[in-house]
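Descriptive analysis of the structure
The lines below spell out each chain.
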Amino acid sequence: MTTTAPAPDTESAPVPDPSPYDALLLVSFGGPEKPEDVVPFLENVTRGRGIPRERLEEVGEHYFAFGGRSPINDQNRAFLDLLRADFADAGLDLPIYWGNRNWDPYLTDVLAQMTADGVTRAACFVTAAYSSYSGCRQYRENLAAARDGVPAEVGLAPQLDRFRVYFDHPGFLGPNVDAVLAALAQLPDEARDGARLVFVTHSIPTTMNDASGPPALGGGAYVAQHTSVMEAIVAEVAEQTGRTHGADLVFCSRSGPPHVPWLEPDVNDHLAALHGQGVPAVVIAPIGFVSDHMEVVYDLDTEALETARELGLPAVRAATAGTDARFVATVRDLLLERAAVERGEDVVRATTGALGPAWDRCAVDCCANPRQKLPVAGGIEEA
Ligand SMILES: CC1=C(CCC(=O)O)c2cc3nc(cc4[nH]c(cc5[nH]c(cc1n2)c(C)c5CCC(=O)O)c(CCC(=O)O)c4C)C(CCC(=O)O)=C3C
Ligand SMILES: [Fe+2]
């Protein structure tokens, strides 16, 4: 701490207090970086999940079409650079770590490093904005397993708290609204007014949607949260353009065996249906993805836009929140909000849309996996 007078521009801004946290951990999915990585990566992702061989070969081809390199790690590196700059600008002095579920840097390794560095309690930002087993609980299982994997001689692994799911945060919604507006502006003038907004997220098994969110809310949180984001964006676009566009929630990247029901309609089928109804143009808005993942650059930019071209349906894909400064600053806002909660202070939570802010700690069986029950980090069991 310096004893000299603070600089004029910092005089009024309170020094942000991250206590009780002594680190931030960015938690992500991970992706291959070269052709030799693709098969081992897919084996990591699908271990014990019963994904048909043909589906794996098909998804492998998506990665090979991009030189065996997923965009996700580079997105996270860019995000981390901006996050470190955001913290520094805000006077927030907190180390930031990064670990993945499925590829290097692995969560297990980063937890060992954090332990060796003396971290005692870390706040976790997961690069998934909605509740589901895949986007919420599975990461909490991965965090628990990574803590367990820290060798005793390295020390006691830090406590890990995960932020509330942030689909409703204005720092996530704002960039998505602007992206839809920018995509609308790129459509042919004569088709713009009648354009349909096609909101896309990752398909999941219908049973996974049914089990998403805390049991007390009755399930279905995955679709409910996306629907609330869609409605908030449609309302804000109407506010800014004076037009209320028709909108739908549709799904991409279906996996699993054909007899297992997954959320529908598929984006490609839906584009054909809209074209059949005489819709003059579409904006494809990937609200289910926080940045340009492989699903976005392959399943949407390569496949869905090709479907639209074949149909003769003008289509523009809207940007993801990605490295938008408002989305980067969302991490800091969630950190300071949660730190205040953990200190027992009252907080005003930033939120947009009909659902209101989500819970800090997941309930027992939140986003449960009916197939197995594994230890999880950051639940009410640990409160
Ligand atoms: C809800 C959800 C998200 C969003 C939340 C989040 O972001 O976590 C997400 C993200 C991602 N999914 C990704 C990649 C893959 N997902 C797969 C498989 C699956 N995803 C599922 C769901 C989700 N997945 C499900 C129910 C499966 C079936 C197997 C299982 O039950 O686990 C498979 C196996 C092949 C296949 O089956 O398609 C791959 C390769 C990548 C990396 C992309 C890149 O490289 O840029 C990312 C960010
Ligand atoms: Fe959950």
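Residues numbered from 1 in each chain as written. Chains lettered and ligands numbered in written order. Predicted model: local features only at pLDDT ≥ 70, side-chain atom pairs only at ≥ 80, totals over all residues. Heavy atoms only, no water.

**Quick notes on the overall build of the protein chain**
What the protein chain contains, in helices and strands, is 12 helices and 8 strands. Taking 2.2 N^0.38 as the reference for a compact globule, 383 residues should give roughly 21 Å; the C-alpha atoms of the protein chain span a radius of gyration of 21 Å, in line with that estimate. For the protein chain, the C-alpha atoms occupy an extent of roughly 65 × 55 × 45 Å along the three principal directions. Across the protein chain, every contact between residues at least 6 apart in sequence was considered, and the portion connecting residues at least 24 apart equals 78%. Only carbon and sulfur atoms are counted for the fraction: they give 54% of the accessible area of the protein chain, which is about 16,500 Å². Side chains of the protein chain give 29 positive and 54 negative charges; the mean places of these two sets differ by 4 Å. (Helix = DSSP H or I, 4+ residues; strand = E, 2+ residues; numbered from the N terminus. Rg over C-alpha atoms; globule rule 2.2 N^0.38 Å. Contact = heavy atoms within 4.5 Å. Areas by Shrake-Rupley, 256 points an atom, 1.4 Å probe, with all protein chains shown as cover. Lys, Arg positive; Asp, Glu negative; His and termini not counted. Charge placed at Lys NZ, Arg CZ, Asp CG, Glu CD.)

**A closer look at the pairing of strand E4 (residues 159-162)**
As paired elements, strand E3 (residues 121-126) and E4 share 4 bridges and run parallel to each other. When the bridges of E4 are listed, Arg121 appears paired with Gln159. Traced from E3 through helix H5 (residues 133-148) to E4, the parallel crossover comes out right-handed. (Pairing = 2+ DSSP bridges. Right-handed = clockwise from strand over helix to strand, strands pointing away.)

**Some remarks on the sheet that holds strand E1 (residues 23-28)**
Read from one edge to the other, the open sheet built from 4 strands follows the order E2-E1-E3-E4, with strand pairing classed as parallel. Edge positions in the open sheet fall to strand E2 (96-100) and E4, since each of these has one partner strand only. When strand polarity is set aside, the average angle formed by the axes of neighbouring strands in this sheet is 30°. Across the sheet, H5 lies against E1, E3 and E4, angled at about 170° from E4, the strand it touches most. On top of the sheet, helix H12 (residues 325-342) reaches E1, E3 and E4; it is set at about 140° to E3, its chief contact. (Axes fitted to C-alpha atoms, helices over the stretch in contact; angles between N-to-C directions.)

**Overview of the sheet that holds strand E8 (residues 315-317)**
Two modes of strand pairing occur in sheets, parallel and antiparallel, and in both the strands are linked by backbone hydrogen bonds. Taken in spatial order, the 4 strands make up an open sheet running E6-E5-E7-E8, and their pairing is parallel. Edge positions in the sheet fall to strand E6 (247-252) and E8, since each has one partner strand and no second. Each adjacent strand pair in this sheet contributes to an overall mean axis angle of 25°, direction not counted. Bridge count for strand E5 (residues 196-202) against E6 is 6 bridges, and the pairing is parallel. Opposite Phe199, over in E6, you have Leu249 as the bridge partner. Those strands touched by helix H11 (residues 294-311) are E5, E6, strand E7 (282-285) and E8, and its axis lies near 175° from that of E8.

**A word on the nonpolar core**
Counting residues in each nonpolar core, the largest one holds 60 residues, and the members touching the most others are Leu24, Phe125, Val180, Phe199, Ile233 and Leu335. Sorting elements by how many residues they give to this core places helix H6 (residues 170-186) first, with 8 residues. In this structure, this core is formed jointly by two domains, domain 1 (8-166 + 324-382) and domain 2 (170-317), each of which donates at least three residues. The residues contacting Phe125, other than those within four sequence positions of it, are Leu25, Leu26, Val27, Phe79, Phe163, Tyr166, Phe327, Val331 and Leu334. Core analysis: the next-biggest nonpolar cluster, separate from the first, contains 21 residues, Leu25, Val119, Cys124 and Leu143 among them. (Core = buried A, V, L, I, M, F, W, Y, C linked by side-chain atoms within 4.5 Å. Buried < 20%, exposed > 50% of the residue type's maximum accessible area, 1.4 Å probe, protein only. Domains from an automatic or database assignment.)

**Section: the UniProt feature "binding site: Fe-coproporphyrin III" (unreviewed entry) in the protein chain**
Under the UniProt annotation, "binding site: Fe-coproporphyrin III" (unreviewed entry) lies at Ser70 and Tyr139. The residue Ser70 is located in the loop between helix H2 (53-65) and helix H3 (72-89) in this model. When residues no more than four places from it in sequence are discounted, the contact partners of Ser70 are Gly31, Pro32, Tyr63 and Met294. Looking at the secondary structure, you find Tyr139 in helix H5. Judged by its relative accessible area of 4%, Tyr139 falls in the buried class. (UniProt positions renumbered as here; feature names shortened; annotations may be inferred.)

**A few points about the UniProt feature "binding site: Fe(2+)" (unreviewed entry) in the protein chain**
Annotation from UniProt places "binding site: Fe(2+)" (unreviewed entry) at His202 and Glu295. The named residues occupy 94 residues along the chain; their greatest pairwise C-alpha distance, 8.0 Å, places them in one compact cluster. As for its position among the elements, His202 is in strand E5. Not counting chain neighbours up to four residues away, the residues in contact with His202 comprise Tyr222, Phe251, Cys252, Ser253, Phe289 and Glu295. Tracing the sequence through the fold places Glu295 in helix H11. Sequence-distant contacts of Glu295, defined by excluding residues within four places in its chain, comprise His202, Ser253, Phe289 and Leu300.

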